[in-house]
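# Understanding the architecture of this molecule
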Amino acid sequence: MDPGSKCKSVKLANTAAVQSLQSTESTTKCSIRFENKTSRCADLLWFDFRGLAVRYCTLPPGTGVNMVTFVGHLWVCRDSETGDQLFINHSDVFKAVRGTEIGITIMITIPIYTLHERCLQVLSRLLPKDGIKTLEIPETLKDDLLKRYES
């Protein structure tokens, strides 16, 4: 079964926010398993040798995928629906390193968001873009909300 068959990837928002990530070429293979421990559909993204994010697959909640990658390859994970950052082994970025050639399991989890980020997540889901300017909140928050709609 295709790991992403139960989830539809709506957008890959905020991938541009992860600046200057670029996998390095290698011939050393690593056997790994990514497991989605969240209640969200998760887009697994590999950064290619030019620094472009490439969606490898979408994992429904509670599923995983076995793969072979290479030492020096960089991976990130995003919520499929919102584009919010998810953690890979408690970090923003997973880098395959020597020692993972024998096979390891990588956990995808939800990070502890700041109150500011969590508010932006909720408000951007509840409000249309044109409703932001009418809110009685600081202008900096309005600007941050508008940026989420642009990504």
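Positions within a chain are numbered from 1, following the residues in the order the chain's sequence is written. Predicted model: local features are reported for residues with pLDDT of at least 70 only, side-chain atom pairs are reported and counted for 80 or more only, and whole-chain, interface and lining totals are derived from all residues. Side-chain figures throughout are based on the complete set of non-hydrogen atoms in the structure, without hydrogens or water.

This part is about the overall build of the protein. Tallying secondary structure elements over the protein gives 2 helices and 8 strands in all. Helix and strand assignments follow DSSP, with helices taken as H or I runs no shorter than four residues and strands as E runs no shorter than two, numbered in order from the N terminus. Secondary structure of the protein in N-to-C order comes out as β-β-β-β-β-β-β-β-α-α. Looking at the 151 residues of the protein, the share that counts as buried comes to 40%. Relative to all contacts within the protein whose residues are 6 or more apart in sequence, the contacts with residues 24 or more apart total 67%. Each accessible area is a Shrake-Rupley result for a 1.4 Å probe, and residues are judged covered by the shown protein chains and nothing else. Accessible area for the protein stands at about 8,600 Å²; split by element, carbon and sulfur atoms hold 56% of it. Buried residues are those whose accessible area, probed at 1.4 Å on protein chains only, stays under 20% of the maximum for their type, while exposed residues exceed 50% and partly exposed ones sit between those limits. Pairs of residues are marked as contacts when any of their non-hydrogen atoms sit within 4.5 Å.

Given two aromatic rings, one states the distance between the centres and the angle between the planes to describe the pair. Under the pairing criterion, centres of Phe, Tyr and Trp rings, with the six-membered ring standing for Trp, must be within 6.5 Å; the plane angle then separates stacked pairs below 30 degrees from edge-to-face pairs above 60, leaving the rest tilted. The tally for this structure, following the rule as stated, stands at 4 aromatic pairs. Here the aromatic rings of F34 and W75 are separated by 5.6 Å at their centres, their planes lie at 50 degrees, and the arrangement is tilted. Residue F34 is located in strand β1 (residues 29-36), and its partner W75 is located in strand β5 (residues 74-79); the two are separated by 41 residues in the primary sequence. A relative accessible area of 3% means that W75 is categorised as buried. An aromatic cluster of three or more residues is present, and its members are F34, Y56, W75 and F94.

This brings us to the confidence of the model for the protein. Low pLDDT marks stretches whose predicted atomic positions should not be read closely. Values of pLDDT, the confidence the predictor places in each residue, fall between 0 and 100. A residue-level look at the protein finds 84% of positions with pLDDT of 70 or above and a mean pLDDT of 83. Mean pLDDT per element in the protein: helix α2 (residues 139-150) is the minimum at 85, and strand β2 (residues 42-47) is the maximum at 95. Scored below 50 in pLDDT, residues 1-17 makes 40 contacts in the model with residues more than four places away or belonging to other chains.

Glancing now at the pattern of salt bridges. Throughout this description, the term salt bridge denotes a Lys or Arg side-chain nitrogen within 4 Å of a carboxyl oxygen of Asp or Glu. A full pass over the atoms with the stated rule returns 8 salt bridges. Of the charged contacts, one joins E35 and R33 as a salt bridge, the two residues approaching to 3.0 Å between their closest N and O atoms. Notably, a salt bridge pairs K142 with E139, separated by 3.2 Å at the nearest N-O pair. Note that K142 and E139 are positioned in helix α2 at a spacing of 3 residues, about one turn of the helix. The buried category is assigned to K142, whose relative accessible area is 7%. Residues joined in a network through salt bridges with shared partners are D84, E117, R125 and R148.

What follows is about the packing of helix α1 (residues 115-126) against α2. To get an axis, fit a line to the C-alpha atoms, keeping to the stretch in contact for a helix; angles then go from 0 to 180 degrees between the N-to-C directions. Between α1 and α2, the least distance of the axes is 10 Å, while the angle of their chain directions is 60 degrees. On the basis of the axis angle, α1 is oblique to α2. Pair α1 / α2 crosses with right-handed handedness. In this structure, α1 contributes H116, E117, L120, Q121, L123 and S124 to the contact, and α2 contributes L141, D144, L145, R148 and Y149. Each residue gets one of three labels, nonpolar for Ala, Val, Leu, Ile, Met, Phe, Trp, Tyr, Cys and Pro, charged for Asp, Glu, Lys and Arg, and polar for the others, Gly among them. A class-by-class count of the residues in the contact of α1 with α2 yields 5 nonpolar, 3 polar and 3 charged. Orientation is classified from the angle alone, with under 35 degrees giving roughly parallel, over 145 giving roughly antiparallel, 65 to 115 giving roughly perpendicular, and any other angle giving oblique. Take the far helix as the reference: if the near one is turned anticlockwise from it by less than a right angle, the crossing is left-handed, and if turned clockwise, right-handed.

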